[in-house]
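Summary of structural features
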Amino acid sequence: MKSHISTILLIIMFALMTNTAQSLVIITYVKHDATGLNNGTSWANAYTSLETALTAAISGDIIWVAAGTYKPTSDHGLNIPSPNTERGYHFRMKNYVKIYGGFAGNEPSSFNLTLRNFVLNETILSGDIGIVGDNSDNCFHVFYHPELGLKSYSNNQTLVDGFTITGGKANSTGDHGYGGGFFNNGDDIYISNCIIQDNYALRGAGMYNLNDADPSLRNCLITGNTAIVCGGGIFNKDGSSADFFNSTICKNVAGNGGGIYCETGSGSYLYNTIVWANTATSVTNPGNQIYLYGGTSKINYSCYSNGAEDVYVFSPGNYTDFEVSNSITNDPKFVDPDNGDYRIPGNSPCADAGSNVYIESPFQVIAQDIRGFGFGRKLNKTDGTTGIFDMGVYE
């Protein structure tokens, strides 16, 4: 009897602790045109700078960012000498802090995040800090994480969700030649519902991962990024591993590995993802879509181009591991890729060709496609039955 009473008491205590922990979650608000107290306590009194909100954030904090364009305003101690001082400005995440974009800027604190519309309320994080449209004076990185430490375990995530990340130009020396969009050094970070586009670097224009970094990208579009040497979309090295779920990697450019480049010991893992129409400019062994230099690539329920020069595998010491299962190499039939429309029509081979398993993750369920509310995954067919998830970022 005593043991039963003890068990009941423990259950009650756990429930009280859980409810208390949930009630302690405080949302910090960011809205570029707010005119209130600028303290982040409400939309009316929102911080007008995302930089300010991130600086004040501590582990467990949640930040909501209203539609608009936000640019970094701090170099976080880099001390880049003049005349490039401001090019060292960047956003820097903190452990277990979650930032969400895609808000109109009037939602109540009880607002369901699945109701965000990322098209109507586009939230842009831009490195274009100087003359608008002239990238010669842009920030080296939009997100720069030079130190080991960002982690994500179960629901305790370091999360970037609902943003367009653009305008980074990493064309300098050292770290600042890598990762125009994201530079991740040993970081496990979740990136969801994001567009990573029009970033530039010597290597890894959209994202550069090193030292066992393990980013997970869900519902993300990586497009229009340009690297001079390797990895137009993504560059992985030193044991890093990037996972892609229902994402599209398209129209990126590099010397080698237009879409993805992996060095020895690193890898890319694709689930319900499309890798198509990337370009590598090298005359020999370009690897338009994927370039493996002793790296690993595992492709599951995905679509990738496998024409001449699309996939290049170099195996020093036979370390390379290239595995494909339940995947296709057919043209996804994008609606208008030349103008950036990567939706797929109903007769695309990518329609109803994914796997539901990779959507229903214990970490984060993908309920809608990258457009947000009104564009649900697992659409109902005309005959009333429920379809299988599509490949790519659009359903």
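Note that the structure is predicted; figures quoted are calculated from it, not measured.

**Considerations on the overall build of the protein chain**
- Assigned secondary structure in the protein chain consists of 2 helices and 30 strands.
- Residue burial in the protein chain is summarised as follows: out of 395 residues, 53% are buried.
- Within the protein chain, counting contacts between residues at least 6 apart in sequence, those at least 24 apart form 73% of the total.
- In the structure as shown, the protein chain presents an accessible area of about 16,600 Å², 52% of it carried by carbon and sulfur atoms.

**Notes on the pattern of salt bridges**
- Applying the stated criterion across every chain yields a total of 7 salt bridges.
- The salt bridge partner of Asp-338 is Lys-251, with a shortest N-O separation of 3.4 Å. Of this pair, Asp-338 sits in the segment after strand 30 (321-325) while Lys-251 is found in the loop between strand 20 (248-250) and strand 21 (253-254), placing the two residues 87 residues apart along the sequence.
- Taking the shortest distance from any N to any O, the salt bridge between Arg-343 and Asp-341 comes out at 2.7 Å.
- Residue classification places Arg-343 among the partly exposed positions, given a relative accessible area of 35%.

**Looking at the confidence of the model for the protein chain**
- Confidence in the prediction for the protein chain averages 89 pLDDT; 89% of positions are at 70 or higher.
- In the predicted structure, residues 1-23 sits below a pLDDT of 50 and forms 0 contacts with residues beyond four places in sequence or in another chain.

**Quick notes on a nonpolar patch on the surface**
- Where nonpolar side chains cluster on the molecular surface, the patch consists of Leu-202, Ile-228 and Val-229 and spans about 210 Å² of accessible area.
- For Val-229, the location among the structural elements is in strand 17 (residues 226-230).
- Since its relative accessible area comes to 32%, Val-229 is described here as partly exposed.

**What about the sheet that holds strand 24 (residues 274-276)?**
- Taken in spatial order, the 8 strands line up as 3-5-8-12-16-20-24-28 in an open sheet, and their pairing is parallel. Strands at the two margins of the open sheet, each flanked by one partner only, are strand 3 (68-70) and strand 28 (303-304).
- Sheet topology note: the strand 3/strand 5 (residues 123-126) ladder contains 3 bridges and is parallel. By the bridge assignment for strand 5, Gly-68 is matched with Thr-123.

**Observations regarding the state of the cysteines**
- Counting across every chain of the model gives 0 disulfides.
- Here Cys-303 is not cross-linked by a disulfide; its sulfur's nearest cysteine counterpart is in Cys-350, at 3.8 Å.
- Note on Cys-303: relative accessible area 1%, which makes it buried.

**Examining the side chain of Asp-161**
- Residue position: Asp-161 is located in strand 7 (residues 159-161).
- Judged by relative accessible area, which is 2%, Asp-161 ranks as buried.
- Only 3.1 Å separates the side chain of Asp-161 from the side chain of Asn-193, close enough to count as a polar contact.

**A look at the nonpolar core**
- Core analysis: the biggest nonpolar cluster contains 54 residues, and Leu-50, Ile-63, Trp-64, Met-93, Ile-99, Phe-143 and Phe-244 have the highest contact counts within it.
- A total of 5 residues in this core trace back to one element, the largest contributor, which is strand 2 (residues 62-66).
- Apart from residues no more than four positions distant in its own chain, Ile-63 is found in contact with Thr-28, Val-30, Leu-50, Ala-53, Leu-54, Ala-57, Val-97, Lys-98, Ile-99 and Tyr-100.
- Counting residues in hydrophobic clusters, the runner-up holds 16 residues, among them Cys-250, Ile-274, Phe-334 and Ile-370.

**Here we look at the sheet that holds strand 29 (residues 311-314)**
- In space, the 7 strands of this open sheet follow the order 6-10-14-18-22-26-29, with parallel pairing throughout. The open sheet terminates on both sides in strands that have one partner only, identified here as strand 6 (143-145) and strand 29. Strand-to-strand twist across the sheet, computed as the mean angle between neighbouring axes with direction ignored, equals 5°.
- Sheet topology note: the strand 18 (residues 234-236)/strand 22 (residues 260-263) ladder contains 3 bridges and is parallel. Counted as the bridge partner of Phe-235 is Tyr-261 from strand 22.

**Details of the environment of Glu-51**
- Residue position: Glu-51 is located in helix 2 (residues 50-56).
- For Glu-51 and Met-93, which are 42 residues apart along the polypeptide, the C-alpha to C-alpha distance reads 9.9 Å.
- Other than its neighbours up to four places away in sequence, Glu-51 contacts Pro-72, Thr-73, Ser-74, His-76, His-90 and Phe-91.
- Within polar-contact distance, the side chain of Glu-51 engages the side chain of His-76 at 2.9 Å.

**Regarding the packing of aromatic side chains**
- Summed over the entire model, instances satisfying the criterion amount to 19 aromatic pairs.
- Ring centres of Phe-235 and Tyr-261 lie 4.8 Å apart, and the angle between their planes is 25°; on these two criteria the pair is classed as stacked. Here Tyr-261 lies in strand 22 and Phe-235 lies in strand 18, a separation of 26 residues in the sequence. A single burial state applies to Phe-235 and to Tyr-261, both of which are buried.
- Taken together, a centroid distance of 4.9 Å and an interplanar angle of 15° make the contact between Tyr-261 and Tyr-291 stacked.

**Observations regarding the pairing of strand 2**
- Counting buried residues in strand 2 gives 5 out of 5 residues, a clear majority hidden from the surface.
- Every second residue of strand 2 is oriented toward a common face, with Ile-62, Trp-64 and Ala-66 on one face and Ile-63 and Val-65 on the other, all of them buried.
- For strand 1 (residues 27-30) and strand 2, the ladder comprises 4 bridges, and the chain directions are parallel. Each residue of the ladder has a partner; that of Thr-28, found in strand 2, is Ile-63.
- For the handedness criterion, the β-α-β arrangement of strand 1, helix 2 and strand 2 is classed as right-handed.
- Summarising the sheet, strand 2 and strand 4 (residues 98-103) pair through 4 bridges and their orientation is parallel. Its bridge partner being in strand 4, Trp-64 is matched across the sheet by Tyr-100.

Thresholds applied
Residues numbered from 1 in each chain as written. Predicted model: local features only at pLDDT ≥ 70, side-chain atom pairs only at ≥ 80, totals over all residues. Heavy atoms only, no water. Helix = DSSP H or I, 4+ residues; strand = E, 2+ residues; numbered from the N terminus. Buried < 20%, exposed > 50% of the residue type's maximum accessible area, 1.4 Å probe, protein only. Contact = heavy atoms within 4.5 Å. Areas by Shrake-Rupley, 256 points an atom, 1.4 Å probe, with all protein chains shown as cover. Salt bridge = Lys/Arg side-chain N within 4 Å of Asp/Glu carboxyl O. pLDDT = per-residue confidence, 0-100. Patch = residues over 30% accessible without salt bridge, like charges linked within 9 Å, V, L, I, M, F, W, Y side chains within 5 Å. Pairing = 2+ DSSP bridges. Disulfide = S-S within 2.5 Å. Polar contact = N/O pair within 3.5 Å; in protein donor to acceptor, adjacent residues only side chain to side chain. Core = buried A, V, L, I, M, F, W, Y, C linked by side-chain atoms within 4.5 Å. Axes fitted to C-alpha atoms, helices over the stretch in contact; angles between N-to-C directions. Phe/Tyr/Trp six-rings, centres within 6.5 Å; stacked < 30°, edge-to-face > 60°. Right-handed = clockwise from strand over helix to strand, strands pointing away.

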